[in-house]
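# A structural walkthrough
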Amino acid sequence: MVGSETSSLLHGPVAFKDADDGTIPVHPPTEYAAAVASLPTNLNHASNSKLKRRCYQGVWVREEWAPGIMAMQRSFAARPGDVVLASVPKSGTTWLKALIFATMVRAACPPASPAHPLRRLNPHDCVPLVDRLFAVGREAVLDALPSPRLMCTHMPLSVLPPSISGGPYCKIVYICRDPKDMVVSLWHFINRAQPDISLQEMFETVCEGTSNGGPFWDHILGYWRASNAEPSRVLFLTYEQMLQDPLDKVRKLAQFLGRPFSDTEEEAGVVAEIVELCSLENLKNLEVNKKGSQGVFFKFSHDSYFRNGVVGDWVNHLTPEMAKRLDAICEEKFRGSGFTF
Ligand code: PAP
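- As annotated in an unreviewed UniProt entry, the chain carries the name Sulfotransferase and is attributed to Triticum aestivum.

Have a look at this one:
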């Protein structure tokens, strides 16, 4: 179903894939080609051309994503009730997509229901990545989604369209993760599609700030400051806090989204059911997440979004020197901000 028919009949959010019948073709915007070609690249530093990134308004992005960011800035309009999940890639996006989706749809689709969309669709097919839709020219699909819409971005607040970053309509839920675990997770993920990128090369781009959406410290600080300034509009979470107490964080999410759990729901154990539905073990073992893939420029298999999901796996991959270097970067960049991992 695509079109106004969908938006007027249903109440959102709905699983994105259920609202997208595929009739809107992939058609990347071409009008920004000259602008993109004039943007600085990181190739002086990056030893591997597969890690080439362009710097747009202080943010490093894959070249093929830059036109989409420009198009999104120009034409995205938030609607009342929109919820945007934001993250640096590999910081807990898939998990948070599932948790917010399950929390928001729980009245229409109880988490214990065998027919729940998360049992037949990958979380990335439930919550669209807006950056990717604009990059491939399929943003019209967003118009077909009934309100309230639930969407995701990997972009920092500073380059988001004003109706998301500053508008009164939109709530933002942000998640970040210790960059040592984030870089290890990123390398494992990218390695599946581009096995000739080494962990050392990936690590260098993260440290110099040119990994996708980077510098990661600016990404984090932008949302951190916004959440301090407007806590009712921007909720700031870390992957580590989520792992420590997922039930508490799901309650916080529901409260933030204006849909707190009722006493009846609490007594019925709905919060625990949502956490269970969205757990790594559960999602990883669903048939839908063992096969199929995501992505247009690169195909990423569904199973590559689920690995071991722990805190501190970096010790198995980074040298003590690498860890020290990233910790020192965090120490310097976050000093005085009140934020720390
Ligand atoms: P994305 O930004 O490409 O969507 P994202 O979901 O942020 O990726 O990151 C994947 C990480 O989240 C993986 O971490 P790891 O490589 O350190 O294991 C993945 O295992 C973890 N992850 C995915 N789903 C869940 C979940 N349901 N619960 C906890 N962690 C999860």
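### Thoughts on the site of the ligand
- Surveying the vicinity of the ligand reveals 21 residues, the closest of which are Thr93, Thr94, Ser185, Tyr239 and Gly309.
- One of the side-chain nitrogen or oxygen atoms of Lys90 is found 2.7 Å away from an oxygen atom of the ligand.
- Notes on the ligand: free accessible area 630 Å², of which the protein chains cover 97%.
- Elements with a contribution of two residues or more to the shell around the ligand: helix 4 (93-104) and helix 16 (280-284).
- For the shell around the ligand, the element with the most residues is helix 4, which contributes three residues.

### Considering the sheet that holds strand 5 (residues 171-176)
- Within the open sheet, the four strands sit side by side as 4-3-5-6. Their pairing is parallel. Either end of the sheet is taken by a strand with one partner, and the two such strands are strand 4 (150-153) and strand 6 (234-238). Each neighbouring strand pair of the sheet contributes to a mean axis angle of 20 degrees, computed without reference to strand direction.
- Judged from the five bridges that link them, strand 3 (residues 83-87) and strand 5 form a sheet pairing that is parallel. Following the sheet pairing, Val84 is matched in strand 5 by Ile172.
- Where helix 4 meets the sheet, it contacts strand 3, strand 4, strand 5 and strand 6, and its direction lies at approximately 165 degrees from that of strand 3.
- Contacts between helix 11 (residues 216-229) and the sheet are confined to strand 3, strand 4, strand 5 and strand 6, with strand 6 contributing the most and set at about 130 degrees to the helix.

Quick notes on the rules
Residues numbered from 1 in each chain as written. Predicted model: local features only at pLDDT ≥ 70, side-chain atom pairs only at ≥ 80, totals over all residues. Heavy atoms only, no water. Near = heavy atom within 4 Å. Polar contact = N/O pair within 3.5 Å; in protein donor to acceptor, adjacent residues only side chain to side chain. Areas by Shrake-Rupley, 256 points an atom, 1.4 Å probe, with all protein chains shown as cover. Helix = DSSP H or I, 4+ residues; strand = E, 2+ residues; numbered from the N terminus. Pairing = 2+ DSSP bridges. Axes fitted to C-alpha atoms, helices over the stretch in contact; angles between N-to-C directions. Contact = heavy atoms within 4.5 Å.

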